[in-house]
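Breakdown of the fold
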Amino acid sequence: MRCANCQTEIADNALICFRCGAATTERRREPATVQRRPVWLWVAVLGLVALALVVDQQLETPVARVVAALLSGVTVVALLWRRRGR
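The following paragraphs examine the structure supplied in this document. Since the structure is predicted, the reported quantities are computational estimates derived from the model, not experimental observations.

Conventions we followed
- Residues numbered from 1 in each chain as written.
- Predicted model: local features only at pLDDT ≥ 70, side-chain atom pairs only at ≥ 80, totals over all residues.
- Heavy atoms only, no water.
- Helix = DSSP H or I, 4+ residues; strand = E, 2+ residues; numbered from the N terminus.
- Buried < 20%, exposed > 50% of the residue type's maximum accessible area, 1.4 Å probe, protein only.
- Contact = heavy atoms within 4.5 Å.
- Areas by Shrake-Rupley, 256 points an atom, 1.4 Å probe, with all protein chains shown as cover.
- Salt bridge = Lys/Arg side-chain N within 4 Å of Asp/Glu carboxyl O.
- Disulfide = S-S within 2.5 Å.

1. As for the overall build of the protein
The helix and strand inventory of the protein stands at 2 helices and 0 strands. Classification of the 86 residues of the protein by burial places 16% in the buried group. In the protein, 21% of the contacts between residues at least 6 apart in sequence involve partners at least 24 apart. Split by element, the accessible area of the protein, about 7,600 Å² in all, is 61% carbon and sulfur.

So this is what it looks like as structure tokens:
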């Protein structure tokens, strides 16, 4: 049999051409596509962590502690939600 790409003589049961690497058969299925997560998600999570740390360090009031705890909790939930989506 001949390669459809370079016309080199190849074995009848060859899957690819040894000279040019072209496939001798049609694809059985399409390759999987990788979907990337948006960068803004990481920026938002890191911003929340930084804000929680600043609020916790700067203000010693109980309200500031509650705000820091809430922001930290939101950050943890966002990270867990992201891992669940994988």
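Resuming the write-up.
2. Considerations on the environment of I16
Topologically, I16 is positioned in the segment before helix 1 (39-58). When sequence neighbours within four positions are dropped, the list of residues in contact with I16 reads G21, A22, A23 and T24.

3. Concerning the side chain of T8
Assignment of secondary structure puts T8 in the segment before helix 1. Other than its neighbours up to four places away in sequence, T8 contacts M1, R2, C3, C17, F18 and R19.

4. As for the pattern of salt bridges
If charged atoms from side chains of opposite charge come close, those side chains can pair. Summed over all chains, the structure comprises 1 salt bridge. Its salt-bridge partner being R2, residue E9 comes within 3.9 Å of it at the nearest N-O pair. The class of R2 is exposed, set by a relative accessible area of 52%.

5. Topic: the state of the cysteines
Summed over the entire model, instances satisfying the criterion amount to 0 disulfides. Residue C6 stays outside any disulfide, its sulfur separated by 3.6 Å from that of C17, the closest cysteine. Classification of C6 by relative accessible area gives partly exposed; the value is 30%. Its sulfur unpaired, C20 is 3.6 Å from the next cysteine sulfur, which belongs to C3.

6. Structural notes on unusual backbone geometry
The phi torsion of most residues other than glycine is negative, and most of the peptide bonds are trans. For Q7, which is not glycine, the phi dihedral falls at a positive 65 degrees. Structurally, Q7 can be placed in the segment before helix 1.

No statement about biological role is implied by the geometric values presented.
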